[in-house]
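Structure assessment
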Amino acid sequence: MEPDQLLRDADRLTGIPGIIVQGRYDLLCPPATSHALAARWPNAEIRLVESAGHTLYDPGVRDAVMKAIADMASRTSK
């Protein structure tokens, strides 16, 4: 991807539901970035993991991602 491509082209996600899992202490992709994406992606929700940074191995991130996948699967199976 090009720099800023996801934010620039986020309007293409209109109508597609999504869940953004974000670590509060993520220095690589700060929470402001997910809020900017969610502002351009109307069908997305943000789930903030309070004690986490960037990696899947930070406390709570893996569980939040697994729950987001399960929640999306249950929404699409209805």
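Please refer to the structure placed before this passage.
Residues numbered from 1 in each chain as written. Predicted model: local features only at pLDDT ≥ 70, side-chain atom pairs only at ≥ 80, totals over all residues. Heavy atoms only, no water.

Overview of the overall build of the protein chain
The number of helices and strands found in the protein chain is three helices and two strands. For the protein chain, the C-alpha radius of gyration of 13 Å lies close to 12 Å, the compact-globule estimate for 78 residues. A principal-axis box enclosing the C-alpha atoms of the protein chain has dimensions of 35 × 30 × 20 Å. Looking at the protein chain residue by residue over its 78 residues, the buried ones come to 28%. Counting contacts in the protein chain only where the partners sit at least 6 residues apart, residues at least 24 apart contribute 68% of the total. Put simply, the protein chain shows about 5,400 Å² of open surface, and 59% of that area lies on carbon and sulfur atoms. Taking the average place of the 9 positive charges on the side chains of the protein chain and the average place of its 10 negative ones, the gap between the two points comes to 6 Å. (Helix = DSSP H or I, 4+ residues; strand = E, 2+ residues; numbered from the N terminus. Rg over C-alpha atoms; globule rule 2.2 N^0.38 Å. Buried < 20%, exposed > 50% of the residue type's maximum accessible area, 1.4 Å probe, protein only. Contact = heavy atoms within 4.5 Å. Areas by Shrake-Rupley, 256 points an atom, 1.4 Å probe, with all protein chains shown as cover. Lys, Arg positive; Asp, Glu negative; His and termini not counted. Charge placed at Lys NZ, Arg CZ, Asp CG, Glu CD.)

A short note on the pattern of salt bridges
This model, assessed by the stated rule, comprises seven salt bridges. In this structure, Arg8 engages Asp9 in a salt bridge whose closest nitrogen and oxygen atoms are separated by 3.8 Å. Linked by salt bridges that have partners in common, Glu45, Arg47, Lys67, Asp71 and Arg75 make up one network. (Salt bridge = Lys/Arg side-chain N within 4 Å of Asp/Glu carboxyl O.)

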